[in-house]
Amino acid sequence: MAKSRPISTFLVIISFLSHFTPSIELSPWPVEIAPRIRVDPDAIATASTDFGQIVHPPNPAAALYPSSVQDIATVVNFSYNLSSPLSIAARGRGHSLLGQAMAPNGVVVEMASLNNSSGGSRITVSGSYADVGGEQLWIDLLQATLKHGLAPVSWTDYLYITVGGTLSNAGISGQAFHRGPQISNVLELDVITGKGELVTCSKDTNSELFFAVLGGLGQFGIITRARIPLEPAPKRAKWIQLLYNDFSAFSKDQEHLISINNGLDYLEGLIFLQNSPPSNWESSFPPSDHPRISSLISKYGIIYCIEAVKYYDDSTSHTVDQELQELLQGLNFLPDFIFTKNVSLLDFLNRVRGAELALRSQGLWDVPHPWLNLFIPRSRMSDFNSGVFRDILPKLNQTIAPLLVYPMNRNKWDDRMSAVTPDEDIFYAVGLLHSSRANDWEPFENQNKEVLHFCDKAGIKIKLYLNAYKTKEEWVTHFGPKWRTFEDSKAQFDPKLILSPGQQIFKSI
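Residues numbered from 1 in each chain as written. Predicted model: local features only at pLDDT ≥ 70, side-chain atom pairs only at ≥ 80, totals over all residues. Heavy atoms only, no water.

(A) Expanded view of the layout of surface pockets. Volume-wise, the second largest pocket comes out at about 1100 Å³. Taken together, 43 residues make up the lining of the second largest pocket; nearest its centre are Ile462, Lys463, Leu464, Tyr469 and His478. Listing elements by their share of the lining of the second largest pocket, those giving two or more residues are β18 (372-377), α14 (442-458), β21 (463-464) and α15 (472-479). Considering every element that reaches the lining of the second largest pocket, the biggest residue donor is α14, with seven residues. Here the residues of the lining of the second largest pocket sort into 21 nonpolar, nine polar and 13 charged. (1 Å grid on protein atoms, 1.4 Å probe; cavity = no way out; pocket = protein on both sides within 12 Å on 5 of 7 lines; lining within 4 Å. Points joined across faces, edges and corners; volume = space filled by probe spheres on them. Helix = DSSP H or I, 4+ residues; strand = E, 2+ residues; numbered from the N terminus. Nonpolar A, V, L, I, M, F, W, Y, C, P; charged D, E, K, R; others polar.)

(B) Here's a closer look at the nonpolar core. In terms of nonpolar packing, the biggest core is built from 135 residues, with Leu167, Leu189, Leu243, Phe384 and Phe389 touching the most fellow members. With nine residues, the single largest contributor to this core is strand β16 (residues 302-312). Other than its neighbours up to four places away in sequence, Leu167 contacts Trp138, Gln182, Ile183, Val186, Leu189, Val213, Leu214, Gly215, Ile223, Ala226 and Ile228. (Core = buried A, V, L, I, M, F, W, Y, C linked by side-chain atoms within 4.5 Å. Buried < 20%, exposed > 50% of the residue type's maximum accessible area, 1.4 Å probe, protein only. Contact = heavy atoms within 4.5 Å.)

(C) Looking closely at the pattern of salt bridges. Enumeration over the complete set of coordinates arrives at 27 salt bridges. Between Glu188 and Arg225 there is a salt bridge, and its shortest N-O distance comes to 2.6 Å. Of this pair, Glu188 sits in strand β10 (residues 188-193) while Arg225 sits in strand β12 (residues 221-229), and the two are 37 residues apart along the sequence. Exposure remark for Arg225: the relative accessible area of 14% places this residue in the buried category. Through salt bridges with shared partners, a single ionic network connects Asp131, Glu188, Asp190, Arg225 and Arg227. (Salt bridge = Lys/Arg side-chain N within 4 Å of Asp/Glu carboxyl O.)

(D) Empty space enclosed by the protein, seen in detail. As enumerated under the stated definition, the model contains three cavities of 30 Å³ or more in all. Counted as a void, the largest cavity has a volume near 180 Å³. Looking at the largest cavity, it is lined by 19 residues, and the ones nearest its centre are Leu217, Leu464, Tyr465, Leu466 and His478. Top element by residues in the lining of the largest cavity is α15. It accounts for three residues. Residues that form the lining of the largest cavity fall into these classes: twelve nonpolar, seven polar and no charged.

(E) Here's a closer look at α14. For α14, built from 17 residues, the straight-helix expectation of 24 Å at 1.5 Å per residue is met to within 8% by its first-to-last C-alpha distance of 24 Å. Of all the residues in α14, the buried ones are Phe444, Glu445, Gln447, Asn448, Val451 and Cys455. The buried residues of α14 occupy an angular sector of 160 degrees when projected down its axis, which confines them to one face. Facing away from the buried surface of α14 by more than 90 degrees, the exposed residues are Lys449, His453, Asp456 and Lys457. Next to the buried residues of α14 lie β18, α13 (381-395) and β20 (426-432). Directly after α14, the chain includes Gly459, whose backbone phi takes a positive value near 75 degrees. (Expected span 1.5 Å × (residues − 1). Arc of directions from axis to C-beta.)

(F) Looking closely at helix α8 (residues 247-258). With twelve residues, α8 ought to run about 16 Å at 1.5 Å a step, and its terminal C-alpha atoms sit 17 Å apart, in line with that. Counting buried positions over the twelve residues of α8 gives nine, a clear majority of the element. Turning to α8, its buried residues are Phe247, Ala249, Phe250, Ser251, Asp253, Gln254, Glu255, Leu257 and Ile258. Here α8 starts with a cap whose side-chain oxygen sits 3.3 Å from the backbone nitrogen of Ser248, and that cap is Asp246. (Polar contact = N/O pair within 3.5 Å; in protein donor to acceptor, adjacent residues only side chain to side chain.)

(G) Structural view of unusual backbone geometry. The phi angle at Asn206 is positive, at roughly 50 degrees, despite the residue not being glycine. If you trace the backbone, Asn206 turns up in the loop between β11 (198-202) and α7 (207-213). Phi at Leu466 takes a positive value of approximately 75 degrees, unusual for a residue other than glycine. Among the secondary structure elements, Leu466 is positioned in the loop between β21 and α15. For Leu466, a relative accessible area of 30% gives the class partly exposed.

(H) A look at the sheet that holds strand β8 (residues 129-133). Here five strands make up an open sheet; going across it, the order is β7-β8-β12-β10-β11 and the pairing antiparallel. Only two strands of the sheet have a single neighbouring strand rather than two, namely β7 (123-126) and β11. Between one strand axis and the next, the sheet turns by 15 degrees as a mean value, whatever way the strands run. With five bridges joining them, β8 and β12 adopt antiparallel strand pairing. Looking across to β12, one finds that Gly133 is bridged to Arg225. Running at roughly 40 degrees to β10, helix α2 (residues 69-80) makes contact with β10, β11 and β12 of the sheet. (Pairing = 2+ DSSP bridges. Axes fitted to C-alpha atoms, helices over the stretch in contact; angles between N-to-C directions.)

(I) Structural detail: the sheet that holds strand β5 (residues 88-91). A sheet is described by the order of its strands in space; here four strands give the open sequence β3-β4-β6-β5, paired in mixed fashion. This sheet does not close on itself; its edge strands, each paired only once, are β3 (37-38) and β5. In terms of strand pairing, β3 meets strand β4 (residues 62-64) through two bridges, oriented antiparallel. Across the sheet, Arg38 pairs through a bridge with Ala63, a residue of β4.

(J) Main features of the packing of α15 against helix α16 (residues 483-493). For the pair α15 and α16, interaxial distance at closest approach is 8 Å and the crossing angle is 115 degrees. Residue-level inspection shows Lys472, Trp475, Val476 and Phe479 of α15 in contact with α16, the latter providing Trp483, Phe486 and Glu487. Residues of the contact of α15 with α16, tallied by class, amount to five nonpolar, no polar and two charged.

(K) Quick look at the environment of Ala401. Locating Ala401 in the fold gives a position in the loop between α13 and β19 (403-409). For Ala401, a relative accessible area of 9% puts it in the buried group. With 173 residues separating them along the chain, Ala401 and Ile228 place their C-alpha atoms 33 Å apart. Ignoring sequence-local partners within four residues, the contact set of Ala401 consists of Asn280, Leu433, His434 and Ser435.

And the structure:
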């Protein structure tokens, strides 16, 4: 655990250029971390950007490039002991959407520096679990565990994001309906609290911190290590896609599939609209089928797609087709629109990487991403489909990005954790994953506001996921019965409101 020391015994003066930090008083830094503090334009620019590229708050005063976990504890403890503490935000790969990993006039901790300074990956595989640094990417954890014939069981769709980042939110993908989110698959954490204390926690030890941090939006501590359970890794994935022209049949079949014990290993849903570019779906289907799929979309205006996966290995390769056939029996997809692919586990889990590289090659990755991610109660999904998918989205005179919609079982989420979901046994994740050119993101943002207004007016009690609210009142409503515990945990683990100011939940600094 980090110890507090008299600041005067180890301070050195670091001068700031006035145009970097015009609004804060210049401060000395502890000698241990002074060489790791950067205020140069490149470091400040990196710390001031994120994947969303929508918000542009004031720059941070500095960025810390830690060489060790102790460096992070030192800077947090230093801030904690100041009469006017500096806000601090941990930044993994900057994949936040609305500045959640930024620290205006504060310090951004560049977590990737831990990996760079260690001379190798901070991943240790030990039989049934892996100890992994919070700065590590999920793709690196996957590749490290596959060498041992093992793998984690819960994933996100995109793997080039950090372990600490997804565990601070929830971490969801098509495995969540039966494996739960990533936060439900953690054995132990090392966390640096807002006091600068390094604490090991689990369900049995320092459990209040453990449950608060998981899904806690970075409010209670910085995750520096997670112990992730592993299971024997299947070798391959049988990947099925089914097309529908009716939302009721689509959602009924999705809910049926997630109710089957020992059934599918993954289930998600996609929506294709007439104003969706073919690039949104073409790579998912054989080129010879593109014309008839395009005709189907033109005919109905909207098409729904179930993506279902069954894992297998050498011992089950002779039975997987029969198992899938039995699982799909009685479903109401369009009979001539079923597509099957057979890929390795790695290729399936890392499926988004190819799209990323293609977009990067066209200069379309580092652009604004006015995304909207929602959790929606099952009982209101039909209303949402009518009001949003069939009404609001088609009206925008711009190409529509990929649209995700799939159900999850609430009983796979641990209610002791900070993450919140709709209060129904089944709820849906909906992702409107828009991207835009540099100057045309506002129509998408306005459309997002229209979607939220529709939900509010219709009484659909949504929960935002990955997006941020703007007022404390909205956050109180979001957390509902959990708000008091959330607020008490903040007072206990970050009493000076130092951590993750970009979430805009607590705004004293």
